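Residue-level structure breakdown
Below are the chains, spelled out letter by letter.
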Amino acid sequence: MRWWPEPTAGEIVWCHFPDHIHPKPKPRPGLIVSTQIDEAGMPFVSVAYGTSQKTDRLYSGEFRISKSEQPAAYVSAGLSYDTKFDLRNVLDLPFNDAYFSVPPHAPHGQTPKLGTLHPSMVRIAHRRLLPLRNKQSVVSNR
């Protein structure tokens, strides 16, 4: 098993996001939300699901990076298609080749990194995440 070097929160990576159907699902963009190192010194990440499907519709917790709406953010992200990320669908995964692989055009060498979330998108993502966190804290306080 190959472990990748620890990424940084805000990186967009090529992820085989588990779907509980396929042993190794098709790769898709994933947004690194946070990182941590386990007791053995191995990196684990919280990664948000990304898809290029139905990007014209956004639901609670989702935000879109669009080539026509945010050209600088689109280039920074290293995406090939308009993509939306679902901050309600975040998994904690080991940062290894079981879940992450080098993208076809390998813009950052032999690593899973596609690009980086543009600073202009950080505020947008945070606004989409805030209502989810508030809702969780209300539920956990009952």
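Residues numbered from 1 in each chain as written. Predicted model: local features only at pLDDT ≥ 70, side-chain atom pairs only at ≥ 80, totals over all residues. Heavy atoms only, no water.

1. Focus: the side chain of E62
Mapped onto the elements of the fold, E62 is located in strand β4 (residues 62-65). A distance of 2.9 Å separates a polar atom in the side chain of E62 from the backbone nitrogen of Y59. Contacts of E62, omitting those with residues within four sequence positions, involve R57, K84, F85, D86, R88 and R128. (Helix = DSSP H or I, 4+ residues; strand = E, 2+ residues; numbered from the N terminus. Polar contact = N/O pair within 3.5 Å; in protein donor to acceptor, adjacent residues only side chain to side chain. Contact = heavy atoms within 4.5 Å.)

2. Focus on unusual backbone geometry
One non-glycine residue with positive phi stands out, namely K54, at about 50 degrees. The residue K54 is located in the loop between β3 (43-51) and β4 in this model. In this structure, A106 is a non-glycine residue whose phi angle is positive, near 40 degrees. Position of A106 relative to the elements: it lies in the loop between β5 (83-94) and β6 (113-116).

3. A word on the pattern of salt bridges
Summed over all chains, the structure comprises 5 salt bridges. For K113, the salt bridge is made with E11, and the minimal N-O distance between the two is 3.9 Å. Of the two residues, K113 sits in strand β6 while E11 sits in strand β1 (residues 11-15), which places them 102 residues apart along the sequence. Judged by relative accessible area, which is 13%, E11 ranks as buried. (Salt bridge = Lys/Arg side-chain N within 4 Å of Asp/Glu carboxyl O. Buried < 20%, exposed > 50% of the residue type's maximum accessible area, 1.4 Å probe, protein only.)

4. A short note on the nonpolar core
In summary, soluble globular proteins display a tendency toward joint burial of nonpolar side chains. I12, L31, F63, I65, L87 and L117 are the most contacted members of the largest nonpolar core, which totals 17 residues. Elements with a contribution of two residues or more to this core: β1, β4, α1 (71-77), β5 and α2 (119-140). V13, C15, F17 and V47 belong to the second-largest nonpolar core, a separate cluster that totals 10 residues. (Core = buried A, V, L, I, M, F, W, Y, C linked by side-chain atoms within 4.5 Å.)

5. Digging into the environment of L93
Here L93 lies in strand β5. By relative accessible area, L93 is classed as buried at 5%. L93 sits 76 residues away from F17 along the chain, and the two C-alpha atoms are 9.1 Å apart. Setting aside residues up to four positions removed in sequence, L93 forms contacts with C15, P18, F44, V45, V47, Y99 and F100.

6. Some details on the sheet that holds β4
Strand order in the open sheet formed by 6 strands is β4-β5-β3-β2-β1-β6, with antiparallel pairing between adjacent strands. The open sheet has two edge strands, β4 and β6, and neither has a second partner. With strand direction ignored, the average angle separating the axes of adjacent strands in the sheet is 40 degrees. (Pairing = 2+ DSSP bridges. Axes fitted to C-alpha atoms, helices over the stretch in contact; angles between N-to-C directions.)

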